[in-house]
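Each chain is listed here by its residues.
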Amino acid sequence: MRGLTVFISDLRNCSSKEQEEKRVEKEMAHIRSKFTSDSNMNGYNRKKYVWKILYMYMLGYEVDFGHMEAVNLLSSQKYSEKSVGYAWCALMLREGDELLRLIINSIRVDLISRNDNAVCLALNSICNVGGKEFAETLSNDVLKLLTHNITKTYVRKKAALTALRLFRKSNDTLPAEQWADRILALLDEKNIGVLTSVTSLVLGVLAVDSAGWEAAAPKAARTLTRLVLNKDYSNDYLYYGIPTPWLQIKLLKVLQHFPPPEEHALKLRVSEVLQRIVSGTEVTKNVNKNNATHAVLFEAINLSIHLGQSSETLPQCINLLGRFISIREANIRYLGLDTMARLSQEQPHTLDDLKKHQSTILFSLKDPDISIRRRALDLVYAMCDTATVKETVSELLNYLDNADDHIKEELVLKIAILSERFASDNSWYVDVVLQLVRSAGDQVADEVWYRIVQIVTNQGEDLQRYAAQGVWTILNAEVLPHKNLVKVAGYVLGEFGHTIAESPGSSPSEQITLLHKHFRNADPDVRALLLNTYVKIAHTYAEVAQMVSEVMQQHSAAMDQEVQQRAAEYISLSAPSLASIKGTVLEMMPHFTERESIVSKALASKSKGDDPEAPTRRVEPRAEAAHAEAAPPPPPPSRQETPDLLGGLADEPAAPAPPPGGGGGAGSAADLLGGLDLGGGGGAAPPPAAPSSGADDLLGLMGGGGGGAAPSGGGGGDLLDALGGGAPAAPAGGAAAGGGPSPQWLALCMRNDGVLFEDATLQIGVKMEFNGHQGRMALFFGNKGQFPLQQLATVLSPCPQLAIQVSPLPSTLQPRQQLSQNFLIECNAPFGDGPQVKVSFMGGSGPAQIVARLPLNPSKFFAPLVTDGGDFFRRWKLFEGKELQKIFKLKTAPLAEPEVERVCAGGMKMAVLRGVDPNTANYVVAGWMAVKGGAPQSDTASVLMRLEVNAAAGMCRASVRASDAGLATAVAQIVQSHLAAP
Amino acid sequence: MGIHFVLLISRQGKVRLTKWYSAMPSKERARAVREVSAVVLSRQQKQCNFLEYKDKKIIYKRYASLYFLACVDEEDNELIVLETIHHFVEVLDRYFGNVCELDLIFNFHKAYHILDELLIAGELQEPSKKAILRVTAAQDALMEGSGDSKVSDSKYEI
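Definitions and limits used
- Residues numbered from 1 in each chain as written.
- Chains lettered and ligands numbered in written order.
- Predicted model: local features only at pLDDT ≥ 70, side-chain atom pairs only at ≥ 80, totals over all residues.
- Heavy atoms only, no water.
- Helix = DSSP H or I, 4+ residues; strand = E, 2+ residues; numbered from the N terminus.
- Buried < 20%, exposed > 50% of the residue type's maximum accessible area, 1.4 Å probe, protein only.
- Contact = heavy atoms within 4.5 Å.
- Pairing = 2+ DSSP bridges.
- Axes fitted to C-alpha atoms, helices over the stretch in contact; angles between N-to-C directions.
- Buried area = accessible area lost by both parts, 1.4 Å probe.
- Salt bridge = Lys/Arg side-chain N within 4 Å of Asp/Glu carboxyl O.
- Polar contact = N/O pair within 3.5 Å; in protein donor to acceptor, adjacent residues only side chain to side chain.
- pLDDT = per-residue confidence, 0-100.
- Phe/Tyr/Trp six-rings, centres within 6.5 Å; stacked < 30°, edge-to-face > 60°.
- Parallel < 35°, antiparallel > 145°, perpendicular 65-115°, else oblique.
- Left-handed = near helix turned anticlockwise from the far one by under 90°.
- Nonpolar A, V, L, I, M, F, W, Y, C, P; charged D, E, K, R; others polar.
- Arc of directions from axis to C-beta.

A. Region of interest: the overall build of chain B. Looking only at helices and strands, chain B features five helices and seven strands. For chain B, the residues scored as buried account for 68% of the 158 residues in total. Residue pairs at least 24 apart in sequence account for 51% of intrachain contacts in chain B once pairs closer than 6 positions are excluded.

Here it is in structure tokens:
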């Protein structure tokens with residue numbers, strides 16, 4: 001195509017960006033005018049222009065025309081034109097695009113046509129664009145192509161992968177009872193192209209739910225035997241002499257989705273294949289051959305690890321891995337480290353064998369390649385236990401000095417976690433963390449020093465004295481200490497300075513003098529913290545009171561608001577009339593409630609970060625038992641916080657980690673006095689500004705009213721009792737597979753507690769509480785079966801409009817026991833569909849998964865909007881064009897007011913406005929949605945609904961208007977499902 | 001889930017081909033291309049072909065003046081993805097006959113067509129080079145049959 005080639009050359013010859021832009025503009029104008037003037041444009045020209053448009057688009061230029069031409073090409077009869085139309089779709093369209101509706105019919109015509117070439121183009125494009133619309137409209141046709149016995153192989157393999165793409169979009173397209181047999185039958189196919197594609201499809205399904213697909217395992221094993229042992233394949237499928245490594249790997253992966261085989265023949269088969277791969281792989285000169293053989297080998301090792309002790313090849317694998325991590329080839333070294341970390345996690349009994357390689361692994365920390373350093377660090381972290389912790393940590397501390405900034409922050413977190421988790425004595429832990437704070441400065445996340453403060457506070461006086469001495473020594477030695485060091489020192493001396501006050505050289509006045517030396521150059525947050533320290537020391541030691549009061553006076557007019565406020569408040573606090581309260585306020589901090597370490601949380605959240613350099617953490621710290629023995633004891637009951645002091649939803653938002661006690665961050669000084677009002681009467685403990693998000697308090701809060709929501713383990717009582725009773729009866733299995741809304745979900749739209757899911761093994765209950773744009777939710781998992789559920793885990797589907805913090809969930813759920821998981825939710829923007837939760841576990845009958853939509857529908861964040869007709873219609877007009885209508889048959893006609901009140905006011909927290917619609921059969925309902933940072937009752941926050949009833953026909957039209965289309969849809973759906981006849 | 005996207009960039013960081021297999025808003029796509037290219041271009045030759053990007057992995061390989069990249073999930077098999085890339089390069093090489101960057105610039109549409117025969121939905125569709133070339137040749141014949149000719153006057157040496 002000459003015109004296109006010339007155009008590309010022209011652009012390449014442009015000497016500057018400006019010149020190129022000019023040329024592009026000229027071409028666009030040209031094409032635009034051609035498109036508008038030449039209505040009889042021939043196919044060749046249309047094709048040429050569309051290719052040019054695509055080229056410009058690829059270079060990054062915006063293109064906002066040519067859509068219709070492309071659509072025309074797509075429905076052309078000529079293959080060459082059609083294929084250009086499809087190429088345009090592949091590049092320019094993505095799911096959700098309006099234009100998809102326009103072409104979906106043309107695509108369907110091609111999909112069911114007799115011309116295989118057209119069918120292939122259609123399949124490619126469905127695959128490329130994906131999307132819900134396609135899944136709903138086309139999935140039947142695609143599956144027909146996949147399973148029909150006259151389909152040609154090159155169409156069938158595309159159909160298999162297209163089915164996979166559609167399945168990933170909506171998991172209910174392939175129910176096992178309907179499809180498992182038919183699709184698995186395709187695994188007996190001879191053609192390797194088809195086998196590869198179908199195996200990908202099966203793997204996609206297994207990744208979601210393997211129930212009903214068990215027959216995949218023996219079939220995979222049989223094909224592996226055919227490829228690996230019997231060498232039965234066409235030579236076209238040899239890749240550098242290896243029989244189709246892609247298929248081998250996929251089959252090995254299929255086997256990893258099932259528990260180790262029990263049936264003898266299958267077991268033998270798998271073991272033979274593994275044996276052949278593991279012992280038959282050799283290092284070769286050819287890079288590609290080497291990669292392909294090792295790709296298969298690593299997958300075989302993964303399978304051996306999965307099979308664990310039942311695998312005879314595991315010892316060989318361990319040997320191989322040991323060899324790999326010291327090999328010169330960087331890729332193999334990387335994978336060796338990566339796979340070892342996996343091994344140490346999944347098969348802890350191999351740890352002793354792995355430890356033999358400790359020195360090689362530590363050496364890899366110094367590898368010039370950051371990718372390899374990361375893997376090594378992960379592995380060191382995964383392998384650490386009580387026996388090796390001292391050596392490991394000292395190596396890591398050594399490494400810290402030379403580590404680059406990319407990895408330092410992660411390293412610091414990991415050192416802090418290891419030294420806490422496996423410490424045999426806490427004084428060693430204190431030494432390590434102080435060393436971290438001292439030498440890594442900026443890379444020390446706040447959580448690290450919050451944590452040491454928690455631990456020291458919760459331990460006895462010995463550790464407190466040790467810590468005070470520690471900070472004192474270090475602070476004396478540093479000329480220009482890092483601000484984090486000053487903070488720790490300030491906090492520790494403020495709380496425990498008295499433990500060293502008697503020692504020579506560290507009297508209270510000397511302590512204050514030393515701290516104050518660093519005060520002048522410190523940041524405001526450090527200064528604010530130091531004011532706390534001073535006032536606490538002065539409270540115990542009258543001899544420094546004068547000195548401290550001068551400092552307070554000086555800063556009562558400080559520029560920084562926080563510093564000023566603290567100084568002013570501490571001055572007021574020393575008034576004689578407040579003497580009794582002063583004692584309460586300045587008393588030592590109470591013990592912290594033991595929760596998940598905030599340092600672990602920080603590490604977990606770091607791996608989700610946006611920084612491209614941010615590490616990904618895939619290994620979990622090991623040995624929970626060791627954790628328990630090293631963790632500080634729980635606080636004495638007398639010190640336990642009363643729930644109301646923890647504040648309602650409003651005052652403890654989902655801040656990642658407020659600083660412990662009154663120290664640090666802005667606003668905590670205010671809390672100090674605010675809390676006083678609450679607790680002053682009964683002389684309660686000072687306000688325990690809890691060092692975690694507060695999610696964990698959900699139970700306490702809810703339990704207060706609901707009759708012991710805390711699952712105290714065992715007991716075997718009725719699971720429903722713990723939920724506060726009154727949940728609607730739940731048909732088993734109703735919420736599975738995340739299809740349309742389940743009855744349980746619908747019921748939970750109207751109320752805040754009940755059962756979300758129930759079957760023979762598992763019951764999931766919910767309790768929720770909402771306030772403005774924030775909410776708390778607890779899921780209660782009850783094991784109804786005979787067997788413990790292992791590896792219990794939940795994953796939420798992404799819902800970008802909601803910020804959700806999730807508390808950890810123990811991995812094992814014993815029979816007749818209940819566990820709970822808490823969620824802190826913040827609504828950042830209007831949304832339609834809330835997230836789904838995927839609950840996976842290993843039950844008595846193998847791995848299982850449940851997918852259910854969480855009852856976090858938008859109306860949970862609604863509040864009634866009481867207004868008059870004028871304002872209602874003003875708001876109504878603002879959303880002109882953003883309306884969603886549903887017309888449905890009513891359960892009862894005419895629509896009775898109590899029913900509307902129950903659904904709209906009671907359930908959805910909206911206001912039913914009277915007298916706005918003159919027709920009394922109709923209803924006008926208004927609410928507003930609270931989102932973070934949004935103004936209450938603002939125009940944009942409004943959610944407006946009109947229900948117009950035709951009583952004679954028993955029909956109702958619900959029109960919903962809101963700023964967000966998804967939101968309007970969700971509201972309309974909820975109303976419909978509660979008012980409509982079933 | 002297999003490959004999330006495939007990216008071809010020149011040593012100067014110019015994008016020669018992008019193909020997305022998972023839904024991602026345009027802004028995020030642009031950002032991913034920018035960030036990933038920057039890291040890959042700065043790596044040395046002897047280093048491994050993998051790097052971690054957010055919760056995903058980038059598998060890349062340099063062929064003459066072009067970098068071929070694929071973004072995959074953490075649990076995917078790195079080496080086989082590397083060979084999928086090589087498989088693509090070999091098919092391109094057979095098709096164009098000693099493929100060079102300019103072939104891919106002037107015949108970007110062919111490159112896309114070939115890729116569609118190799119990978120769809122982020123999964124390998126056909127492990128046999130022969131089978132792929134057969135289908136591509138048939139498509140070309142169809143194209144020519146309707147008054148089109150394959151661009152052959154665009155061979156340059158770099």
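We are not done yet, so read on.
B. Structural detail: the overall build of chain A. The helix and strand inventory of chain A stands at 40 helices and 16 strands. Looking at chain A as a whole, 56% of its 982 residues are labelled buried. Pairs at least 24 apart in sequence give 70% of the contacts found in chain A among residues at least 6 apart.

C. The arrangement of the sheet that holds strand β6 (residues 790–796) of chain A in detail. All names here are of chain A. Judged by pairing direction, the sheet is antiparallel, and its three strands sit side by side in the order β6-β9-β10 without closing on themselves. Looking along the sheet, the strands with just one partner apiece sit at the ends: β6 and β10 (846–853). Strand-to-strand twist across the sheet, computed as the mean angle between neighbouring axes with direction ignored, equals 15°. Taken together, the five bridges between β6 and strand β9 (residues 836–843) define a ladder with antiparallel strand orientation. Residue pairing for β9: Val-795 is matched across the bridge by Lys-838.

D. Structural context of the interface of chain B and chain A. Chain B puts 68 residues into the contact, and the matching count from chain A is 73 residues. Regarding the contact of chain B and chain A, the summed buried area is about 6200 Å², with carbon and sulfur atoms giving 53% of it. Three residues stand out in chain B for area buried against chain A, namely Glu-52, Leu-79 and Phe-108 of chain B, and they jointly supply 12% of the buried area on that side. The interface formed by chain B and chain A holds seven salt bridges in total. Ionic pairing is found between Arg-168 of chain A and Glu-123 of chain B, a salt bridge with its closest N-O pair at 2.9 Å. Linking chain B to chain A there are 29 residue pairs in polar contact (both at pLDDT 80 or more). The biggest single contributor to the side of chain B that touches chain A is helix α2 (residues 78–96) of chain B, with nine residues.

E. Quick look at the pairing of strand β1 (residues 3–10) of chain B. Residues and elements named next belong to chain B. In terms of burial, β1 is largely enclosed, as eight of its eight residues are buried. Pairing between β1 and strand β5 (residues 66–73): seven bridges, direction antiparallel. Within the sheet, the bridge partner assigned to Leu-8 lies in β5 and is Phe-68. Inspection of the sheet shows β1 paired to strand β2 (residues 15–20) by five bridges, in the antiparallel sense. The residue of β2 that forms the bridge with Phe-5 is Trp-20. Hairpin connection, β1 to β2: the antiparallel pair is bridged by four residues, and Gly-13 has positive phi, about 90°.

F. Molecular detail of the confidence of the model for chain A. All names here are of chain A. Averaged over every residue, the pLDDT of chain A is 82; the share at 70 or more is 86%. Of all secondary-structure elements in chain A, the lowest mean pLDDT belongs to helix α35 (residues 698–706), at 33, while helix α13 (residues 245–256) reaches the highest, 96. Under a pLDDT of 50 for its full length, residues 621–738 has, in the predicted model, 214 contacts with residues more than four places off or in other chains.

G. Up close: the pattern of salt bridges. Residues and elements named next belong to chain A. A full pass over the atoms with the stated rule returns 64 salt bridges over all chains. A salt bridge links Arg-874 to Asp-871, with the nearest nitrogen and oxygen atoms 2.9 Å apart. One end of the pair, Arg-874, and the other, Asp-871, are both in helix α38 (residues 869–878), three residues apart, so they sit about a helical turn from each other.

H. Summary view of the confidence of the model for chain B. All names here are of chain B. Residues with a pLDDT of 70 or more make up 91% of chain B, whose mean pLDDT is 87. Per-residue pLDDT stays below 50 along residues 147–158; that stretch engages in 31 contacts with residues further than four places along the chain or on separate chains. For this predicted complex, the interface confidence score (ipTM) comes to 0.91, while the overall pTM stands at 0.66.

I. Structural context of the packing of aromatic side chains. All names here are of chain A. Under the defined criterion, the tally for this structure stands at 19 aromatic pairs over all chains. Measuring from centroid to centroid gives 5.2 Å for Phe-298 and Phe-324, while their planes differ by 45°, and the two rings are tilted. Linking Phe-298 in helix α15 (residues 287–307) with Phe-324 in helix α16 (residues 314–324), this pair joins segments that are 26 residues apart in sequence. The burial state of Phe-298 is the same as that of Phe-324; both residues are buried.

J. Focus on the environment of Thr-920 of chain A. With respect to the element layout, Thr-920 of chain A can be found in the loop between β13 (911–913) and β14 (923–929). Residues Thr-920 of chain A and Val-949 of chain A, 29 residues apart in the sequence, show an inter-C-alpha distance of 9.5 Å.

K. Here's a closer look at the packing of helix α6 (residues 99–111) of chain A against helix α7 (residues 116–129) of chain A. Residue and element names in this part refer to chain A. It is the contact of α6 with α7, at a shortest axis distance of 8 Å, that shows an interaxial angle of 140°. It follows that α6 is oblique to α7 by the angle criterion. Like other packed secondary-structure pairs, α6 and α7 cross with a definite hand, here left-handed. Contacts from Leu-100, Ile-107, Asp-110 and Leu-111 of α6 reach α7 at Ala-118, Val-119, Ala-122, Leu-123, Ser-125, Ile-126 and Val-129. Class assignment for the residues of the contact of α6 with α7 results in nine nonpolar, one polar and one charged.

L. Fine view of the packing of helix α12 (residues 216–229) of chain A against α13 of chain A. Residue and element names in this part refer to chain A. Look at α12 against α13: their axes get within 9 Å of each other, and the N-to-C directions meet at 150°. In the crossing of α12 with α13, the sense of the turn from one axis to the other is left-handed. Mapping the contact onto sequence places Ala-216, Ala-217, Ala-220, Thr-223, Leu-224, Leu-227 and Val-228 in α12 and Leu-247, Gln-248, Leu-251, Leu-252, Val-254 and Leu-255 in α13. By residue class, the composition of the contact of α12 with α13 is 11 nonpolar, two polar and no charged.

M. Looking closely at the environment of Val-6 of chain B. Residues and elements named next belong to chain B. Mapped onto the elements of the fold, Val-6 is located in strand β1. For Val-6, a relative accessible area of 6% corresponds to the buried category. When the C-alpha atoms of Val-6 and Trp-20 are compared, they prove to be 6.6 Å apart, with 14 residues separating the residues in sequence.

N. Just unusual backbone geometry, in detail. All names here are of chain A. At Arg-816, a residue that is not glycine, the phi angle is positive and equals roughly 60°. Tracing the backbone shows Arg-816 in the loop between β7 (802–806) and β8 (818–827). Residue class for Arg-816 comes out partly exposed when judged on its relative accessible area of 44%. Phi at Gln-937 is positive, roughly 55°, even though this residue is not glycine. When you line up the elements, Gln-937 lands in the loop between β14 and β15 (942–950).

O. Molecular detail of helix α29 (residues 545–555) of chain A. Residue and element names in this part refer to chain A. Where α29 is concerned, the buried positions are Val-548, Val-551, Met-552 and His-555. Looking down the long axis of α29, one finds its buried residues gathered within 100° of arc, a one-sided arrangement. Opposite the buried face of α29, at more than 90 degrees from it, the exposed residues are Gln-546 and Gln-554.

P. Spatial organisation of the sheet that holds strand β5 (residues 774–783) of chain A. All names here are of chain A. Taken in spatial order, the five strands of this open sheet run β3-β4-β5-β8-β7, and their pairing is antiparallel. Either end of the sheet is taken by a strand with one partner, and the two such strands are β3 (753–758) and β7. The average undirected angle you get between the axes of adjacent strands in this sheet is 25°. One ladder, built from five bridges, connects β3 with strand β4 (residues 762–771); its direction is antiparallel. What sits directly across from Val-755, in β4, is Gly-765. Most of the contacts of helix α37 (residues 743–750) go to β3, to which it runs at about 165°, and overall it touches β3 and β4.

Q. The environment of Lys-882 of chain A, seen in detail. All names here are of chain A. Note on placement: Lys-882 falls in the loop between α38 and β12 (883–889). On the basis of relative accessible area, Lys-882 is assigned to the partly exposed category, the value being 43%. With 78 residues separating them along the chain, Lys-882 and Val-960 place their C-alpha atoms 8.4 Å apart. Excluding residues that lie within four positions of it along the chain, Lys-882 makes contacts with Val-960, Arg-961, Ala-962 and Ser-963.

R. Representation of the side chain of Glu-101 of chain B. Residue and element names in this part refer to chain B. Along the chain, the position of Glu-101 falls in helix α3 (residues 101–106). For Glu-101, a relative accessible area of 10% puts it in the buried group. Among the polar contacts made by the side chain of Glu-101, one reaches the side chain of Arg-16 at a distance of 2.8 Å.

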